[in-house]
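# Notes for the structure review
Below, each chain spelled out in residue letters.
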Amino acid sequence: SYVIYLVLVELFQASQVSSSVSNSIATGVANSVDSGQLWGYVALIVALCVAQIVCGYKANVQAYGLTIAVQTRLRLFLADYIRRLPLGFFTQRDTGTVDALFTTNIMYLEPHHVLESLINAVVTPIMIFLVMLAYDWRLALVLASSVPFALLALRYGEGVFARVWRIQAETRVKANARMVEYIQGIAVIRAFNLAGDRLHQFRTGLKEYRTASLRTVTEIVPALTIFLAVLELGFALLLVVGAAFVANGSLTGDRFLFFMVLGLAFYAPLIAMSDMMELYRIMQNCVRNLNEFVRSPMLPTTPTPQQPNDTTIEFKDVSFSYGEEKVLDQVNLTIPPGSITALVGPSGSGKTTITNLIARFWDVDQGSVTLGGADVRQIPSNTLLEQITMVFQDVYLFNDTIFENIRFGNPNATESQVIAAAQAARCHEFINQLPDGYHTMVGEGGATLSGGEKQRISIARALLKDAPIVLLDEATASIDPENERLIQQAFQALSLHKTLVIIAHRLTTIAAADQILVLDQGRVVERGTHDMLMVAKGLYQHLWDVKARSHGWKIVQHAD
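Residues numbered from 1 in each chain as written. Predicted model: local features only at pLDDT ≥ 70, side-chain atom pairs only at ≥ 80, totals over all residues. Heavy atoms only, no water.

### Structural notes on the packing of helix α6 (residues 137–144) against helix α10 (residues 253–294)
The N-to-C vectors of α6 and α10 enclose an angle of 30 degrees; their axes lie 11 Å apart at closest approach. Relative to α10, α6 is oriented roughly parallel. Once α6 is placed against α10, the crossing between them reads as right-handed. Together, Leu-139, Ala-140, Leu-143 and Ala-144 of α6 and Phe-259, Gly-263, Phe-266 and Tyr-267 of α10 make up the contact between the two elements. Of the residues that constitute the contact of α6 with α10, the class distribution is 7 nonpolar, 1 polar and no charged. (Axes fitted to C-alpha atoms, helices over the stretch in contact; angles between N-to-C directions. Helix = DSSP H or I, 4+ residues; strand = E, 2+ residues; numbered from the N terminus. Parallel < 35°, antiparallel > 145°, perpendicular 65-115°, else oblique. Left-handed = near helix turned anticlockwise from the far one by under 90°. Contact = heavy atoms within 4.5 Å. Nonpolar A, V, L, I, M, F, W, Y, C, P; charged D, E, K, R; others polar.)

### Overview of the nonpolar core
With 37 residues, the main nonpolar core has Ile-406, Ile-431, Tyr-438, Ile-510 and Ile-516 as its most contacted residues. Elements that contribute at least two residues to this core include exactly β3 (340–344), α13 (402–407), α14 (415–424), α15 (428–432), α16 (451–465), β7 (469–473), β8 (499–503) and β9 (515–520). Examining the composition of this core, we find that 6 residues originate from one element, α16, more than from any other. (Core = buried A, V, L, I, M, F, W, Y, C linked by side-chain atoms within 4.5 Å. Buried < 20%, exposed > 50% of the residue type's maximum accessible area, 1.4 Å probe, protein only.)

### Observations concerning α10
An α-helical turn contains 3.6 residues, so any two residues separated by three or four positions project in the same direction. The end-to-end C-alpha separation of α10 is 62 Å, in line with the 62 Å expected for 42 residues at 1.5 Å each. At Ser-274, α10 shows its largest bend, some 30 degrees. (Expected span 1.5 Å × (residues − 1). Bend = angle between axes of the 7 residues up to and from the residue.)

### Regarding the sheet that holds strand β4 (residues 366–371)
Reading across from one edge, β2-β1-β4-β5 is the order of the 4 strands in this open sheet, with antiparallel pairing throughout. Only two strands of the sheet have a single neighbouring strand rather than two, namely β2 (325–335) and β5 (374–375). Running at roughly 115 degrees to strand β1 (residues 313–322), helix α11 (residues 351–358) makes contact with β1, β2 and β4 of the sheet. (Pairing = 2+ DSSP bridges.)

### Focus on a nonpolar patch on the surface
A cluster of nonpolar side chains, namely Leu-115, Leu-118, Ile-119, Val-122, Val-123, Ile-126, Met-127, Leu-130, Leu-133, Trp-137 and Leu-141, defines an oily patch on the protein surface of about 1,000 Å² accessible area. For the nonpolar patch, the secondary structure elements donating two or more residues are α5 (111–135) and α6. Relative to the assigned elements, Met-127 resides in helix α5. On the basis of relative accessibility, which here comes to 42%, the residue Met-127 falls in the partly exposed class. (Patch = residues over 30% accessible without salt bridge, like charges linked within 9 Å, V, L, I, M, F, W, Y side chains within 5 Å. Areas by Shrake-Rupley, 256 points an atom, 1.4 Å probe, with all protein chains shown as cover. Salt bridge = Lys/Arg side-chain N within 4 Å of Asp/Glu carboxyl O.)

### Looking at the packing of aromatic side chains
Under the definition given, this model contains 9 aromatic pairs. For the ring pair Phe-77 and Tyr-81, a centre distance of 5.8 Å and an interplane angle of 40 degrees mean the geometry is tilted. Note that Phe-77 and Tyr-81 are positioned in helix α2 (residues 27–83) at a spacing of 4 residues, about one turn of the helix. Note on Phe-398 and Phe-408: the rings are 4.9 Å apart at their centroids and 40 degrees apart in plane angle, and the pair reads as tilted. (Phe/Tyr/Trp six-rings, centres within 6.5 Å; stacked < 30°, edge-to-face > 60°.)

### A few points about the environment of Leu-66
Assignment of secondary structure puts Leu-66 in helix α2. Sequence separation between Leu-66 and Pro-111 is 45 residues; the distance between their C-alpha atoms is 9.9 Å.

### Examining the side chain of Arg-461
By secondary structure assignment, the location of Arg-461 is in helix α16. The buried charged residue Arg-461 lacks any salt bridge partner; its closest oppositely charged side chain belongs to Asp-400, at an N-O distance of 9.9 Å. In this structure the side chain of Arg-461 is engaged in a polar contact, spanning 3.2 Å, whose partner is the backbone oxygen of Tyr-396. Apart from residues no more than four positions distant in its own chain, Arg-461 is found in contact with Tyr-396, Leu-397, Phe-398, Asn-405, Ile-406, Phe-408 and Gly-409. (Lys, Arg positive; Asp, Glu negative; His and termini not counted. Polar contact = N/O pair within 3.5 Å; in protein donor to acceptor, adjacent residues only side chain to side chain.)

### Some remarks on the sheet that holds β8
What the 6 strands build is an open sheet, ordered β6-β7-β8-β3-β9-β10; its pairing is mixed. Lying at the two open borders of the sheet, with one neighbouring strand each, are β6 (388–391) and β10 (523–528). Averaged over all adjacent pairs, the angle separating strand axes in this sheet is 20 degrees, with direction ignored. With 4 bridges joining them, β3 and β9 adopt parallel strand pairing. Directly across from Leu-343, in β9, lies its bridge partner Leu-517.

### As for the pairing of β1
In the sheet, β1 pairs with β2 via 7 bridges, with the strands oriented antiparallel. Within β2, the residue paired with Phe-315 across the bridge is Leu-333. Here β1 folds back onto β2, and the loop between the two strands holds 2 residues, one of which, Gly-323, carries a positive phi near 70 degrees. With 5 bridges connecting them, β1 and β4 associate as antiparallel partners. Across the sheet, the residue bridging to Lys-316 is Ser-368, located in β4.

Take a look at the structure:
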């Protein structure tokens with residue numbers, strides 16, 4: 001638009017010269033022609049401005065719409081990708097790192113800004129240079145002489161920015177992680193009077209981020225200053241050379257003014273390139289982070305999927321490690337369909353790992369885990385998870401109503417089915433006592449409910465899913481003795497048509513199990529029913545005796 005406008009001004013000036021000649025013949029006619037040309041130029045410029053506004057508006061709407069659509073689809077892709085990653089991925093990364101993938105990294109992916117600036121920085125100067133070259137090649141070369149040196153300075157600045165921005169991004173992620181940790185753990189922090197210590201860690205993270213941000217500015221500013229200074233020197237050189245040409249009569253004053261205006265239009269988009277390259281480098285780092293994430297190995301799939309014949313679960317010479325720590329060592333076990341199997345053992349013996357391997361949250365290092373005769377690695381993920389319901393030790397409820405949290409087990413369940421599941425899990429009574437009943441909001445993570453209430457809702461959710469295999473990881477850990485009996489009744493009704501695998505430290509809750517597997521240091525050291533294991537007088541009997549003696553414990557107040 002600069003070029004068109006200035007060319008029209010030049011043409012108008014040329015018409016002024018021709019009209020002065022015609023004035024000597026017919027002054028009145030010439031004035032009429034000049035007036036018509038002037039209004040024609042004005043109309044053309046107005047039309048160009050309107051066209052630019054309309055095209056710019058439509059281009060921006062489409063560009064932003066495309067950017068938002070791409071960001072949305074990318075976030076959905078990442079969410080689906082996370083679903084297929086092993087749980088070990090999350091144990092090796094803090095919350096701030098994963099959160100930054102969905103927020104900061106995707107937020108900066110706005111390629112239309114870079115594309116718009118790039119086109120403006122390339123096309124406009126080239127067009128202006130060609131016009132100036134046609135008018136006066138000498139001043140055109142003077143105008144462009146500083147560009148190569150400026151681009152070299154910009155290239156140097158890109159390298160510096162890429163390095164310091166990555167450091168800044170890493171410190172920002174750490175600071176976010178400390179912030180999330182501080183907020184989520186505020187109850188524990190206050191309970192143990194560690195607010196000052198954790199706040200200090202949070203403050204340290206922010207201080208490191210501030211230092212990295214200042215370093216980014218201080219290291220990139222010199223290169224950008226050189227870039228801008230070289231461009232400014234180019235315009236100053238144009239001014240000096242142009243003035244010299246005017247002084248020796250080889251350039252007219254109006255033509256010199258024309259070049260000055262074009263010179264400003266030539267350098268303006270080039271100056272904006274510094275911001276464009278900064279945004280480009282930020283996007284490049286964000287893309288690098290996303291690429292590192294999507295290169296994280298997913299649980300492998302098989303080209304020849306298998307289907308389980310029943311719900312028989314078998315471990316064949318299974319070994320598994322978390323990094324260098326071996327958790328399971330040559331484990332062999334069989335869980336028959338429709339049975340109740342309890343896993344017992346000291347903390348760290350591998351009980352939870354067994355349930356995680358059944359659900360294929362990880363893959364085994366050696367051996368195989370089979371379901372219905374099919375290796376779980378050969379069963380499609382959706383098919384496997386349809387067969388399994390898990391009640392976790394640490395219950396998580398979504399920030400929604402109790403009704404929707406229970407129906408999470410079966411999104412197509414009716415209201416009567418939800419209520420029936422709640423009654424079976426013995427949580428219908430306390431739900432009805434809440435102000436809004438089943439439509440009571442539970443807060444993030446179920447913050448408004450007690451541990452036992454959350455546990456029972458999670459059991460109701462598991463009952464509603466009605467999967468043939470149920471994995472209960474310390475499912476009764478937060479249940480009071482009165483409700484524990486009711487929950488056991490619900491489990492007994494559930495086990496009539498299900499395969500149950502139960503982890504429990506409360507040995508009384510699994511005394512009626514069909515088989516009890518006792519683990520110690522990653523191995524199955526005993527197996528059998530409660531009566532058989534009590535007679536064997538092994539580790540299980542020792543754990544049972546310790547449990548029995550603990551019932552007699554009491555707090556004694558000593559006199560001073």
